[in-house]
Each structure stands twice: as structure tokens, then as C-alpha cells.
Amino acid sequence: MSISPGPVNITTLSAGVNYGFRSSFPFVSGATIGFIVLLITIGLGISNLVDQFNVLYEILRYAGAGFIGYTGYKIIISTPEIKSEDTKLPGFYHGFLMQWLNPKAWIACLSGVSAFNLRDSYYMLFIFVGIYFVICYFSLAAWALLGSKVQFFLKVRERIKLFNLSMGGSLIIVALYLLLAEHRSSLLSLSVELIP
């Protein structure tokens, strides 16, 4: 799940294109550590709390969609020059926070903890965390490396602007999907009930 496209990977790819491989590492590190802390927290039992209070899922959905949409917007409006500017480069805290607001990260953590029954064994939880740390770090680094290699093909200003538009637009579409997915499910179930 770490290597599959998602909000964090799209942002990592975009950072690799716009700022290069090395400059993307604070974001990669933040996203990796953010995911690992989320995994440990879920493995130690926060998922029980979330299960008891469904409103937390709703807050996560809206906050996550908002943050992912905002990140998409920032990518769209970023300048199409390939240069490193600390003020626009997504950093460690951005990566860390993005994982905590990323529904894909929550699903991966909840699925992993449940599938391997990690709540019952701290030893197995920490082995799983160690393995996932390596997988997550290399997966995100691969997206940053891919971005830096694509940078060569995007030397033309218009191509970078188009790339940023497509990556940022993709994130905004993901955010809208997250917001509308619940409503779509409700509408589908309602339409099924209305059909005789």
C-alpha cells in the first residue's frame, strides 16, 4: 500500500519534480515518521477510541479532505521553475501531518493491525513497525526519485506548469471524492430502497 498512488505519494512526486530528490527528503522523512507514529498509536489501541466515537471518523474525513485539497491547491499555484525555495517546499511537519490526515494511511494502519492481530503482541507490533518503516521510507523515496528523474523531461516551463496542474488537480479530486463518498453511498442505498 505504501508504493501505490495516494495523496502523500503525489505530493512526494511533485516535490521531486519541483525541488529535486535531496530537497524532498525532509517531507519523505516526516511522512514516514508520521505514518510509523500513527501505526504505533493504532496498534496500542487508539482505534478502540475511534471505534467508540464515530464523530472522530467524520472529523478525520473532513480535516483530511481539506488538508489534501489545500496541498493540491498549493501544488497548482507553485511556480514552474525548478529551484529549491524553503518557503514552498513541503517539509518534515507537512509530511508528518499529511499522514495523520490521510485516510489511506489510517486504512493501511487499521488493516495491518487487524490483519496481523497486532494488538495482542507488542513484540509483533514493533517487528511490523520496523518492517513498515523500511518499506514506507523506500516507497516514498522512490516517488521522490521518480519525480527528480521526470524533472529532466519537464525542463520546459509550460510542461512543469501542466504537471503541477495535473498533480494538484489529482489531489483536489481525491479530496472531493473523500467528501462526496459518504453522500454517494447514502444516495445509492436510498435509490436501491426506492426501486421496487
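Draft legend 1. Expanded view of helix H4 (residues 92-100). Along H4, the residues classified as buried are Gly95, Met98 and Gln99. Relative to the axis of H4, the buried residues are bounded by an arc of 100° and lie together on one face.

Draft legend 2. View of the packing of aromatic side chains. On inspection of all chains with the given rule, the structure shows eight aromatic pairs. A centroid spacing of 5.5 Å and a plane angle of 75° characterise the contact between phenylalanine 128 and tyrosine 132, whose relative ring orientation is edge-to-face. Of this pair, phenylalanine 128 and tyrosine 132 both sit in helix H6 (residues 122-153), four residues apart, roughly one helical turn. Accessibility assignment for this pair places phenylalanine 128 and tyrosine 132 in one class, buried. Ring geometry for phenylalanine 133 versus tyrosine 137: centroids 5.6 Å apart, planes at 40°, classification tilted.

Draft legend 3. The environment of asparagine 102, seen in detail. Note on placement: asparagine 102 falls in the loop between H4 and helix H5 (103-115). Given the relative accessible area of 3%, asparagine 102 is considered buried. As for asparagine 102 and arginine 61, which are separated by 41 residues in sequence, their C-alpha atoms are 8.4 Å apart. Non-local contacts of asparagine 102, meaning those with residues more than four positions away in its chain, are made with Pro7 and Val8.

Cut-offs applied
- Residues numbered from 1 in each chain as written.
- Predicted model: local features only at pLDDT ≥ 70, side-chain atom pairs only at ≥ 80, totals over all residues.
- Heavy atoms only, no water.
- Buried < 20%, exposed > 50% of the residue type's maximum accessible area, 1.4 Å probe, protein only.
- Helix = DSSP H or I, 4+ residues; strand = E, 2+ residues; numbered from the N terminus.
- Arc of directions from axis to C-beta.
- Phe/Tyr/Trp six-rings, centres within 6.5 Å; stacked < 30°, edge-to-face > 60°.
- Contact = heavy atoms within 4.5 Å.

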